[in-house]
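So you can see what is in the structure, the chains are spelled out below.
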Amino acid sequence: MDRPDVPARSRITGAPAAPAGHSGMACWICSRSVARFEPYGVPPRPGRCPHCGAKPRSRALVRLVRDRIRPRLAAGDRVLEIGPSRFSADHVIGSRLFAPARCVAVDVRRRHHHRRLGAGGRFVAASAAMLAFADASFDFILCNNTLPYIREDRRALAEIARCLRCDGLAMIDTHRHPGTTRTAHAHRREHPGLGGDWFAANGDAWVYGEDFLDRVRDAGLEPVEKELFPGAPAEFFIANGLKPRVRALFGSRHRSGFRRFFGPGAGERPRVPPGSGPPPNLLPPV
Ligand SMILES: [Zn+2]
């Protein structure tokens, strides 16, 4: 099948995905029909868009922000991302996805893809363990699978808690593996068969275990794990190249933070009547 080229920075249309082929699969980011999502990661698993390269969790993040987080933000609110990926620079923190909130991104050094964040002070070179921001200055903080790369991760979590407003929310999602948390160095010794690409994909400082939530609580954040597409039918996950369940971990200083973004109010979408079943590309309520 011929597939037209798409620009590296494909536009998030906000519209339902383009009519898909017979399989009914399509990508939320570039809206192209997808005959088959490509394998990616270590070990490889299907889920990457063959057109724009968006991975399943990246696609889910965009829908989370667009449908759940942004509707709870007002002009003047502030969003911080710690260690934005290339995808986020293109489609999340570097896009208009959080508008009308003001966004800023930090990383220990300016990388090539950070240039896409543009002028206007939206990028600050800073350590996550020592954020140069006032107490309680952000409404939403995005720290998406970044902590396993930060050696001073406890200090980074404490800084997230310090910089978060009382009714703010942080997304602090990360891989968690069986067993207890260990350094990446110790994990490498225990599993000599794992190559450098595994640590590049999963974290080169920490391999978090089931006790990760204790670290979050120690930093003064109350962790809450949330299903992002509760009640969606199995075909929804298949059609959108997602795992059967998509969960993300959030932390707030006070329950009002979680309530602000996940309680009833703006951002709620009408539920599909029972039995009618949404088409595969229609997002159910988060
Ligand atoms: Zn795509």
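This structure is a prediction, so every number in the text was calculated from the model and none was measured.

In this section: the overall build of the protein. Tallying secondary structure elements over the protein gives eight helices and 11 strands in all. A separation of at least 24 residues holds for 67% of the contacts in the protein among residues at least 6 apart in sequence.

Glancing now at the pairing of strand 3 (residues 78-82). Burial analysis of strand 3 places four of its five residues in the buried class, the great majority of the element. Looking at chain direction, strand 3 and strand 4 (residues 102-107) are connected through five bridges and run parallel. Across the sheet, the residue bridging to Arg78 is Arg102, located in strand 4. With helix 2 (residues 86-91) bridging strand 3 and the parallel strand 4, this β-α-β connection has right-handed handedness.

Here the focus is the confidence of the model for the protein. When pLDDT is low, close inspection of the predicted coordinates is not appropriate. Mean pLDDT over the protein: 83, with 83% of residues reaching 70 or higher. Note on residues 1-22: pLDDT is under 50 here. Beyond four places in sequence and across chains, it has 33 contacts. Considering only residues more than four positions removed or in separate chains, one finds that residues 267-286, a stretch of pLDDT under 50, has 36 contacts.

Here Ala99 and Pro100 are connected by a cis peptide whose omega angle stands at 15°. Relative to the assigned elements, Pro100 resides in the loop between helix 2 and strand 4. Residues other than glycine seldom take positive phi values, yet Ser31 does so here, at roughly 65°. Residue placement: Ser31 occurs in the segment before strand 1 (38-40). In this structure, Asn145 is a non-glycine residue whose phi angle is positive, near 55°. Mapping Asn145 onto the fold places it in the loop between strand 6 (138-142) and helix 3 (153-163). Residue Asn145 is classed as partly exposed on the basis of its 18 C-beta neighbours within 10 Å.

One key point about sheets: their strands pair by backbone hydrogen bonds, in either a parallel or an antiparallel sense. Here we have seven strands laid out as an open sheet, ordered 5-4-3-6-7-11-10, and mixed in their pairing. The sheet is open, and its two edges are formed by strand 5 (123-125) and strand 10 (222-227), each paired on a single side. Taking the axes of each pair of neighbouring strands and ignoring which way they run, one obtains an average angle of 25° across the sheet. Sheet analysis places strand 3 next to strand 6, joined by three bridges and oriented parallel. Of the residues in strand 6, the one forming a bridge with Val79 is Phe140. Packed onto the sheet, helix 3 meets strand 3, strand 6 and strand 7 (164-171) and runs at close to 140° relative to strand 7. The strands touched by helix 8 (residues 255-262) within the sheet are strand 7, strand 10 and strand 11 (247-252), with strand 7 carrying the most contacts at an inclination of about 65°.

Judged from the two bridges that link them, strand 7 and strand 11 form a sheet pairing that is antiparallel. In the strand pairing of strand 11, Ala170 is matched with Gly251. Sheet topology places strand 10 next to strand 11; six bridges connect them, and they run antiparallel. The residue bridging Pro223 from the neighbouring strand is Gly251, located in strand 11.

With 14 residues, helix 1 (residues 56-69) should cover 20 Å at 1.5 Å per step; its first-to-last C-alpha distance of 18 Å lies within 8% of that length. Where helix 1 is concerned, the buried positions are Pro56, Ser58, Arg59, Ala60, Leu61, Val62, Leu64, Val65 and Ile69.

For the rest of this paragraph, the subject is the environment of Ala134. Positionally, Ala134 belongs in the loop between strand 5 and strand 6. The exposed category is assigned to Ala134, around which 9 C-beta atoms lie within 10 Å. C-alpha separation for the pair Ala134 and Arg162, spaced 28 residues apart in sequence, amounts to 8.2 Å.

What follows deals with helix 8. Those residues of helix 8 lying buried are Gly257, Phe258, Arg260 and Phe261. Summarising the axial view, the buried residues of helix 8 lie within an arc of 155°, below the 170-degree limit, and thus occupy one face. Looking at the buried side of helix 8, the elements it contacts are helix 1, strand 7, strand 10 and strand 11.

Glancing now at the environment of Leu73. Summarising the element assignment, Leu73 is placed in the loop between helix 1 and strand 3. If near-sequence neighbours (up to four positions away) are discounted, Leu73 is found in contact with Phe98, Pro100, Ala101, Asp139 and Phe140.

What counts and what doesn't
- Residues numbered from 1 in each chain as written.
- Predicted model: local features only at pLDDT ≥ 70, side-chain atom pairs only at ≥ 80, totals over all residues.
- Helix = DSSP H or I, 4+ residues; strand = E, 2+ residues; numbered from the N terminus.
- Contact = placed C-beta atoms within 7 Å.
- Buried ≥ 20, exposed ≤ 12 C-beta atoms within 10 Å, placed from the backbone.
- Pairing = 2+ DSSP bridges.
- Right-handed = clockwise from strand over helix to strand, strands pointing away.
- pLDDT = per-residue confidence, 0-100.
- Axes fitted to C-alpha atoms, helices over the stretch in contact; angles between N-to-C directions.
- Expected span 1.5 Å × (residues − 1).
- Arc of directions from axis to C-beta.

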